[in-house]
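A structural walkthrough
So you can see what is in the structure, the chains are spelled out below.
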Amino acid sequence: RKKMVIKNLTKKFPSPIKQGIKYIYRVVPLRFRYGKVFWDTYNFLRESQWWSREKLEDYQTQQLKKLLIHAYENVLYYRRIFDERGLRPKDIQSREELTKLPILTKDIIRNNFNDLLAKNINRKQFYAIQTSGSTVSRLSFFWHKNMTIPKEESFLWTIWNISGYQFNEKCLYLSFERPNNRLSQYDPLRRLMRLYASTLSEDVLDYYLKIIRKFQPKILMGIPSNLVVIADFLQKKNISKLPSIEIILCGSEQVYPWQRELIEKTFQCRLFSLYGQNERVILATECEVSSQYHLFPEYGITEIIGSDGLPIKTEGVKGRIIGTGFNNYAMPFIRYYVGDIAAWSNKKCKCGRNYPLLQSIEGRESEYIISSNGDLIPMIIVPYSAIMKNVKQFQFYQEVKGKVRLRLVPLPTFTKDDEKRIISSLKQEIKGVEFILEYTDII
């Protein structure tokens with residue numbers, strides 16, 4: 001709460017004054033800089049991540065019961081859903097019984113927006129947020145300002161600690177926003193340097209390289225697609241390593257194997273990926289010893305649903321991810337379809353945590369090609385780094401089953417042999433699809 005008060009007080013100040021206040025506020029000990037909700041959750045997670053599976057499941061059950069009672073008593077949409085099915089919260093005593101409730105979709109949220117708001121929470125505690133994506137697919141909703149935000153921060157810090165990133169260590173964040181035409185901005189509170197990456201021209205990348213060398217961050221954070229551009233730039237400059245960088249953290253996009261390989265090879269350090277979404281229903285991270293996603297049971301309940309609408313329990317069988325979040329009572333999402341495809345792993349990780357594991361997350365349903373006979377082909381199987389040589393940018397675009405337009409921005413070194421190799425490789429990897437090449441100056 002103190003952090004939010006400081007932020008609100010300084011919001012209208014000119015940038016130099018804001019920075020000065022942050023430098024002063026930075027001398028305040030960490031235990032005072034973050035509020036009670038943050039520290040209670042953070043300290044809880046330091047302990048709970050080592051609990052037994054039975055204890056974690058008991059905790060989940062208790063959190064689910066609390067959430068369902070709150071939703072039934074305070075959220076008109078859920079009261080209606082329960083009543084239509086002749087249910088009460090006590091009728092759902094476990095995650096398996098959640099299937100008694102329907103799946104929540106973006107369209108349902110848009111059509112029932114006001115009915116999804118909790119009537120017992122002061123509107124001043126509502127924090128407006130949107131998902132990313134196009135204007136058509138974007139979803140608006142609310143978080144609980146004094147619960148969702150500090151709890152989210154505590155989970156993120158737990159993830160960062162698992163990767164080796166500690167409080168007060170220098171971090172460089174490659175953002176995809178660009179406020180006030182700035183290329184960089186320093187946050188002294190977090191010792192965080194933001195580089196704004198809306199345009200990644202060679203001049204901008206040269207500027208970023210100078211900043212990185214001067215700032216000497218231990219951690220580099222960003223989305224995989226931007227990190228790949230940086231890595232590719234460093235390779236072309238014959239820069240083998242930036243010595244200060246020891247950890248790469250990424251999220252917001254799926255990390256493809258070719259991206260991980262390129263980034264880790266270039267920076268010569270481990271890449272850690274987290275999986276989450278603005279809807280705050282599911283959160284997962286890689287651990288110290290594995291690149292498999294570990295789901296936080298303290299964060300919510302995750303289901304994987306088959307085409308028949310029933311939960312999948314078999315290892316390796318792909319289905320739609322459904323999430324129920326515990327940390328947003330202002331606008332609770334129960335059995336929310338996030339739009340991603342995944343499969344369970346039955347293994348136990350050597351890290352010692354008893355968290356459920358995902359064998360794979362294969363991206364959005366929109367990241368699949370549909371073959372002529374209707375099969376879904378995940379784009380993750382394409383070995384882009386081997387195929388797309390002498391190509392600056394590329395994009396797959398599909399409107400018709402079995403036909404895909406591949407848009408290419410070729411480099412000056414691109415030849416007809418590259419074109420033949422791309423088509424031949426794609427035909428070898430992806431059956432039942434016709435690829436049509438289109439050349440363009442920009443995507």
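Right, let's walk through the structure included here. Source: prediction; values computed, not measured.

Moving on to helix H8 (residues 148–163). Taking 1.5 Å per residue as the helical rise, H8 with its 16 residues ought to reach 22 Å, and the 23 Å between its terminal C-alpha atoms agrees with that figure. The buried fraction of H8 is high, at 13 of 16 residues. Once H8 finishes, Gly164 follows within two positions and takes phi at roughly 110 degrees, a positive value.

Strand pairing in a sheet is mediated by backbone hydrogen bonds. Such pairs are either parallel or antiparallel. As summarised here, the arrangement of the three strands in space is E17-E18-E19, forming an open sheet in which the pairing is mixed. Both outer strands of the open sheet, strand E17 (391–400) and strand E19 (434–439), are each paired with one neighbouring strand and no more. When the angles between neighbouring strand axes are averaged without regard to direction, this sheet yields 25 degrees. Both E17 and strand E18 (residues 403–410) contribute to a ladder of seven bridges, which runs antiparallel. Bridging from a neighbouring strand, Val391 pairs with Pro410 of E18.

Let us look at a negative patch on the surface. Among the surface-exposed residues, Glu54, Glu57, Asp58 and Glu96 lie close enough to one another that they form a single negatively charged patch. Residue position: Asp58 is located in helix H5 (residues 53–74). Classification of Asp58 as exposed rests on a relative accessible area of 52%.

Right, let's get into the packing of H5 against helix H6 (residues 76–84). Contact pair H5 / H6: the axes reach a minimum separation of 6 Å and the direction vectors enclose 100 degrees. As the angle between them shows, H5 and H6 are arranged roughly perpendicular. Of the residues in H6, those touching H5 at Leu68, Ala71, Tyr72, Glu73 and Asn74 are Leu76, Tyr78, Arg79, Phe82 and Asp83. Residue composition of the contact of H5 with H6, grouped by class: six nonpolar, one polar and three charged.

For the structure on display, the rule yields 28 aromatic pairs. Seen from their ring centres, Trp157 and Tyr165 are 5.1 Å apart, and the 45 degrees between their planes marks the pair as tilted. On the basis of relative accessibility, which here comes to 3%, the residue Trp157 falls in the buried class. Relative to Tyr355, the ring of Phe296 has its centre 5.3 Å away and its plane inclined at 55 degrees; by these criteria the two rings are tilted. Placement of Phe296 in the loop between strand E10 (293–295) and strand E11 (300–305) and of Tyr355 in the loop between strand E13 (336–345) and strand E14 (357–364) is noted, with a sequence separation of 59 residues between them. Judged by relative accessible area, Phe296 falls into the buried class, the value being 3%. We note Arg79 situated over the ring of Tyr72; from NZ or CZ to the ring centre the distance is 3.9 Å. Taking NZ or CZ as reference, Lys170 lies 5.1 Å from the ring centre of Phe215, over its face.

Cut-offs used in this document
Residues numbered from 1 in each chain as written. Predicted model: local features only at pLDDT ≥ 70, side-chain atom pairs only at ≥ 80, totals over all residues. Heavy atoms only, no water. Helix = DSSP H or I, 4+ residues; strand = E, 2+ residues; numbered from the N terminus. Expected span 1.5 Å × (residues − 1). Buried < 20%, exposed > 50% of the residue type's maximum accessible area, 1.4 Å probe, protein only. Pairing = 2+ DSSP bridges. Axes fitted to C-alpha atoms, helices over the stretch in contact; angles between N-to-C directions. Patch = residues over 30% accessible without salt bridge, like charges linked within 9 Å, V, L, I, M, F, W, Y side chains within 5 Å. Areas by Shrake-Rupley, 256 points an atom, 1.4 Å probe, with all protein chains shown as cover. Salt bridge = Lys/Arg side-chain N within 4 Å of Asp/Glu carboxyl O. Lys, Arg positive; Asp, Glu negative; His and termini not counted. Charge placed at Lys NZ, Arg CZ, Asp CG, Glu CD. Parallel < 35°, antiparallel > 145°, perpendicular 65-115°, else oblique. Contact = heavy atoms within 4.5 Å. Nonpolar A, V, L, I, M, F, W, Y, C, P; charged D, E, K, R; others polar. Phe/Tyr/Trp six-rings, centres within 6.5 Å; stacked < 30°, edge-to-face > 60°. Lys NZ or Arg CZ within 6 Å of the ring centre and 35° of its normal.

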